[in-house]
Amino acid sequence: MANETTYKKSVEEAIGNPKLSRALHLFGDAYLIARENAFKGLDFQEMRTELAAIKDEVRVRRKELLAEFIKNAEAAGSKVFLARDTKEANDYVIKLAKEKGAKLIAKSKSMVSEEAHLNKALEAAGIRAAETDLGEWIVQLAGQRPSHMVMPAIHMFKEEVAQLFSKEAGKHLAPEIKALVDHARERLRKEYFNADIGLTGANFLIADTGGIGLVTNEGNARLCATLPRVHVVFAGIHKLVRNIEDAIKITRLLPRNATGQLLTSYVTWIRGGVPVDGKQKEQHIILIDGGREALYESKACQDALRCIQCGACANVCPVYQTVGGHVFGSIYISAIGIILTAFYEGLDKAKEITRACIGCRSCVAVCPSKIDLEEIILHLRNEVSKEYGIGVIKNVAFKAVMKNRSLFHNLVRAASKLQLPVTQKNRSDESGPRIIRHLPLHFMAKDYTEWRDLPAIAEKPFRDQFETIVQNVAKPLYRVGFFVGCGADFVYPEVGVSLIKVLNSFNVEVVFPKDQNCCGIPALYSGDTETGEYLAKQSVQAFTDAGVDYILCICPTCTMAVKRDFVERLADHPQWSAKAMALSNKTMDASAFLENVLGASFKLNATGPARDITYHDSCHLKRGSGVFREPRALLASSGHKVTEMKNSDRCCGFGGTYSFLSHPQISRQITKDKVETILATGVKTVATDCPGCMIMLKGAVGKADATIRCAHTMELLAESLEMKK
Amino acid sequence: MTENSIDRFIESAKRVGAEVLRIENLPEAAAYIAGKAQGTTLVPETPLAVRHGLRALLAAAGVDVFGKSFREAGHVPGAGVTFSNFAMADTGTVVLESTDENIRLATTLPEKHFVLVDPATILSDNLAAAAPMTAFHRDPAPKFIAYITGPSRTADIERVLTIGCHGPRELHILLVDGISSDLMEN
């Protein structure tokens, strides 16, 4: 419990210090532009597919390649030591330093040395470690740990750096960046000359040469590897590649994806004991396991070791941008940090941060090694739940209630009546659905309604309205099954009604299998796979029995669930897996169906005056299903003028239970960013294709400006069709 | 290689802050260096430097060529002058086989690095370097090969790009025809 309290406090502290978050937002925006420019003329998808294949082969052949590396390194005069854990690695360096009578080690950047807490171990043995990477030196002087893999001191400002440098130098230094860098250049130069040992990391361990590769910008690694008499290489075993060509391919991705550089200032390839002051240098290569073998052996998580440590998953992460790397991570931060922390430090250390991922998949979209970080994090969250539980509320909600479909649905119907005292009419739309503006208890208000209105549960869910809807489709082109999803069923049934209007106008009949249940994602994202599997079976059966041509969703998370997760959840059940696969092949988002199957944008002719709208891409629609062109085409062809908001595909902060139960404070900040970008367009209608995003946007935008309307694409299309009549 | 690659190389190298010039011959390059280099200048005696009499050319142009062991040249010598093995057009990178320690000292310590590149050794891109890079490693001897792309840089304070962190603050790339088209020597 103490652990959890400390974590919560650190989240609140980070949110209370908006300066860091502002800086990370500016960085994130600049990064996206720099990265796009860096990949101009190159095929990122093709490059990352190739890198993933290289890394997968290395995983399979790792024992053989490691032996080859060691043989070749030794042939070139290197001494190689295999360390089972970071303690063995530290002990080796300390023993070596003592043998040499070494008092000072000049270090260039090495994340695995952070993982090993090497500096602390050296200090305890009376050996001084001088960090020479500027960011690492700043962090060392501050007695902190890096908050970013590529830019360790990204959380600090020049005033703080000037204070640290002034204190160390014993003289006043002004907070001017150029002057501070010059000071570091002058001050650290003597460390290389005085050091007895130079220690570097390695970006590559090249099996067929026995050499290492270093990718750097400042030039300090070159000095650490050149001036001192002894060179120690500290590297994780996952840095292995087969040959120089593999390594070159990585250098084409790493700087472009890390900082938007085509190449770093220096890439240094060192094999063996090169000359030092007329003699042969002593080179020691320490290869560290430290949990990597276990990670390689984990089927569900092994892809994480494809990581080339570019830090991009942090750069684009809305949670990282909100709270920074000291909260969202341990030694390694952000999405990859969650996974590495679990394996290198233990699941208990990763317990809190596995829940801190909002599931927006922005990291998955930019990962140069094609790691499905979100999938692995969900798996770990499930492991955490098995080990430590998912909490009483979720346990009752998922296990006792949701698995029993009629109980679940009757409870929601009852809730629609019970909530009446706290609901009120929507200011912007008097006839529209009621909303919840205040909750009676103060502590709930802070997390829930102080910053957004919550939607009320609809008086009549979609499932109770369906049979009363008359569909005038004589000879339907297709019969489609509608997977409604809880958001549209109980909160926004009008979206389902709109969908039927739109589809009917294209001569498509809608079927609603009543036995369908929740897609199970809320349970699954909370780490309850058992309930997830149970719910998948219920819906798979209902839609198989319906015998329809397609299955359509108006919630992108449901689309992902039916299309991908049902198949995976039921893969080990022979009687279910074929059915799930058959449904998967027929399932798509409603916008994608309209555009890609029906070619609707060619048939929808604009009517009436153009309406200005802005479009918010739902995370799971764009990055989960690759659908973002389709809704824009549909809206444009039905007479809407789409004005793009900044970062239209950045998460709205919803994240399902994330914004209600686990991290409402972080959600609040992410939503604030989204509201700002919407307000900046000056447009009064926000379209989106996700009921989850609608809950978030209607509530928060409504609180900020009651004249702005947020609607599902299907609602806007239905309205256009009405106007046409 | 092709004019196309040369143009692309010049553009890429300039974009990362290198000075790039096409110069008629080595004496003119020496004159350019003499105009820019200040203080002690490290000029490694590599096979190409010996063959082209580089030290003498520079000294004649007025460069203060350091004659003793490079480790005695102080912590921050004024300049370093080297040849290169080859270059890569897509990233504006020069490649120096730097196993000889003097090449490393002359390219890491000084304020300014002047590098002489034969345009015939410009490869179209990084992937094309896989062959010569593999060739360097054919024998099992120790090797130190450096890719250099622009001057030393950092963005570690407030993500502001700052030139001249631990390596040279200036990189001058002088393209001179007829130095050597052999990618294996510098």
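Worth saying up front: this structure is predicted, and the values here are computed from it rather than measured.

**Brief notes about the overall build of chain A**
Next up, step 1: Along chain A, the regular secondary structure elements total 37 helices and 23 strands.
Next up, step 2: A compact globule built from 725 residues would reach a C-alpha radius of gyration of about 27 Å, and chain A, at 28 Å, matches this within 12%.
Next up, step 3: Projecting the C-alpha coordinates of chain A onto the three principal axes gives extents of approximately 90 × 60 × 50 Å.
Next up, step 4: Considering chain A as a whole, with its 725 residues, one finds that 62% of them fall into the buried category.

**Observations regarding the sheet that holds strand β22 (residues 685-688) of chain A**
Residues and elements named next belong to chain A.
Next up, step 1: The 4 strands lie next to each other as β21-β20-β22-β23, forming an open sheet whose pairing is parallel. Across the chains shown, the open sheet's two edge strands, defined by having one partner strand only, are β21 (640-642) and β23 (709-712). Between one strand axis and the next, the sheet turns through 40° on average, direction left out of account.
Next up, step 2: Relative to β22, strand β20 (residues 611-615) is paired through 2 bridges, and the arrangement is parallel. Bridge assignment links T614 to a residue of β22, and that residue is V686.
Next up, step 3: Here helix α36 (residues 691-704) sits on the sheet and contacts β22 and β23; the angle it forms with β23, its principal contact strand, is near 170°.

**A short note on the sheet that holds strand β5 (residues 204-206) of chain A**
Next up, step 1: What the 8 strands build is an open sheet, ordered β8(A)-β5(A)-β6(A)-β9(A)-β8(B)-β5(B)-β4(B)-β7(B); its pairing is mixed. The open sheet is flanked by β8 (240-241) of chain A together with β7 (122-123) of chain B, the only strands paired with a single partner.
Next up, step 2: Judged from the 5 bridges that link them, strand β6 (residues 211-216) of chain A and strand β9 (residues 266-271) of chain A form a sheet pairing that is antiparallel. Across the sheet, residue L214 of chain A finds its bridge partner in β9 of chain A, namely T268 of chain A.

**Points about the interface of chain A and chain B**
Next up, step 1: Taken residue by residue, the interface counts 66 residues in chain A and 52 residues in chain B.
Next up, step 2: Note on chain A versus chain B: buried area summed over both sides is about 5100 Å², and carbon and sulfur give 58% of it.
Next up, step 3: On the surface where chain A and chain B come into contact, there are 4 salt bridges.
Next up, step 4: At the boundary of chain A with chain B, the tally comes to 32 residue pairs in polar contact (both at pLDDT 80 or more).
Next up, step 5: Listed by contribution, the elements that provide at least two residues to the side of chain A that touches chain B are α2 (18-38), α8 (134-142), α9 (158-169), α10 (177-194), α11 (220-226), α12 (244-259), β9 and β10 (275-276) of chain A.
Next up, step 6: The greatest single-element share of the side of chain A that touches chain B, amounting to 12 residues, is contributed by α10 of chain A.

**Quick word on the environment of L634 of chain A**
Next up, step 1: With respect to the element layout, L634 of chain A can be found in helix α33 (residues 629-637).
Next up, step 2: For the pair L634 of chain A and T713 of chain A, spaced 79 residues apart in the sequence, the C-alpha separation amounts to 8.4 Å.

**Examining helix α27 (residues 529-546) of chain A**
Residues and elements named next belong to chain A.
Next up, step 1: With 18 residues, α27 extends 26 Å from end C-alpha to end C-alpha; this agrees with the ideal 26 Å at 1.5 Å per step.
Next up, step 2: Buried within α27 are the following residues: T531, G532, L535, A536, S539, V540, A542, F543 and A546. Take α27 and look down its axis: the buried residues cluster within an arc of 165°, on one side only.
Next up, step 3: Just beyond α27, the residue with positive phi is G547, at close to 55°.

**Some words on the packing of α8 of chain A against α9 of chain A**
All names here are of chain A.
Next up, step 1: One can describe the packing of α8 onto α9 by two numbers: an axis separation of 10 Å at closest approach and a directional angle of 70°. For the element pair α8 / α9, the angle class is roughly perpendicular. On the side of α8, the interface is formed by L134, W137, I138, L141 and A142, while α9 contributes V161, L164, F165 and E168.
Next up, step 2: The residue inventory of the contact of α8 with α9, partitioned by class, reads 8 nonpolar, no polar and 1 charged.

**Considering the side chain of H663 of chain A**
Residue and element names in this part refer to chain A.
Next up, step 1: In this structure, H663 sits in the loop between α34 (657-662) and α35 (664-681).
Next up, step 2: What makes H663 buried here is its relative accessible area of 3%.
Next up, step 3: Separated by 2.8 Å, the side chains of H663 and Y7 make a polar contact.

**Here we look at the side chain of H616 of chain A**
All names here are of chain A.
Next up, step 1: Within the element layout of this structure, H616 appears in the loop between β20 and α32 (619-625).
Next up, step 2: Since its relative accessible area comes to 0%, H616 is described here as buried.
Next up, step 3: Within the structure, H616 has its side chain in polar contact with the side chain of K674 (distance 3.1 Å).
Next up, step 4: Excluding anything up to four places from it in sequence, H616 contacts M645, S648, R650, C651, C652, K674, V686, A687, T688, C693 and L697.

**What about the domain arrangement of chain A?**
Residue and element names in this part refer to chain A.
Next up, step 1: On domain assignment, one finds that chain A holds domain 1 (2-11 + 292-385), domain 2 (67-288) and domain 3 (465-725).
Next up, step 2: If you average the C-alpha positions of domain 1 and of domain 3, the two centres end up 28 Å apart.
Next up, step 3: Opposite the 23 residues of domain 1 that make contact, domain 3 presents 27 residues.
Next up, step 4: Between domain 1 and domain 3, roughly 1900 Å² of surface is buried when both sides are summed, and carbon and sulfur atoms account for 57% of that area.

**Concerning the pattern of salt bridges**
Residue and element names in this part refer to chain A.
Next up, step 1: Using the criterion set out here, one finds 52 salt bridges over all chains in the structure.
Next up, step 2: D705 serves as the salt-bridge partner of K684, at 3.2 Å between the closest nitrogen and oxygen. Here the residue K684 occupies a position in the loop between α35 and β22, and D705 occupies one in the loop between α36 and β23, the gap between them amounting to 21 residues.
Next up, step 3: Under the relative-accessibility criterion, D705 is labelled buried at 18%.
Next up, step 4: One salt-bridge network, in which partners are shared between bridges, spans R361, D372, E374, E375, R564 and D565.

**What to know about the nonpolar core**
Next up, step 1: Residues F69, F234, W269 and L373 of chain A together with M133 and Y147 of chain B are the most contacted members of the largest nonpolar core, which totals 134 residues.
Next up, step 2: Look past the residues within four positions of L373 of chain A in its chain and what remains in contact with it is C313, A335, I336, I339, C363, V364 and C367 of chain A.
Next up, step 3: Formed by 48 residues, the second largest nonpolar core is a distinct cluster that contains F482, V495, L499 and A718 of chain A.

**Quick look at the state of the cysteines**
Residues and elements named next belong to chain A.
Next up, step 1: Tallied over the full model, the rule gives 0 disulfides over all chains.
Next up, step 2: Looking at the unpaired C558, the closest cysteine sulfur is the one in C555, lying at 3.6 Å.
Next up, step 3: C558 gets classed as buried once you look at its relative accessible area, which sits at 3%.
Next up, step 4: Between C710, a cysteine without a disulfide, and C693, which holds the nearest cysteine sulfur, the sulfur-to-sulfur distance is 8.3 Å.

Criteria and thresholds
Residues numbered from 1 in each chain as written. Chains lettered and ligands numbered in written order. Predicted model: local features only at pLDDT ≥ 70, side-chain atom pairs only at ≥ 80, totals over all residues. Heavy atoms only, no water. Helix = DSSP H or I, 4+ residues; strand = E, 2+ residues; numbered from the N terminus. Rg over C-alpha atoms; globule rule 2.2 N^0.38 Å. Buried < 20%, exposed > 50% of the residue type's maximum accessible area, 1.4 Å probe, protein only. Pairing = 2+ DSSP bridges. Axes fitted to C-alpha atoms, helices over the stretch in contact; angles between N-to-C directions. Contact = heavy atoms within 4.5 Å. Buried area = accessible area lost by both parts, 1.4 Å probe. Salt bridge = Lys/Arg side-chain N within 4 Å of Asp/Glu carboxyl O. Polar contact = N/O pair within 3.5 Å; in protein donor to acceptor, adjacent residues only side chain to side chain. Expected span 1.5 Å × (residues − 1). Arc of directions from axis to C-beta. Parallel < 35°, antiparallel > 145°, perpendicular 65-115°, else oblique. Nonpolar A, V, L, I, M, F, W, Y, C, P; charged D, E, K, R; others polar. Domains from an automatic or database assignment. Core = buried A, V, L, I, M, F, W, Y, C linked by side-chain atoms within 4.5 Å. Disulfide = S-S within 2.5 Å.

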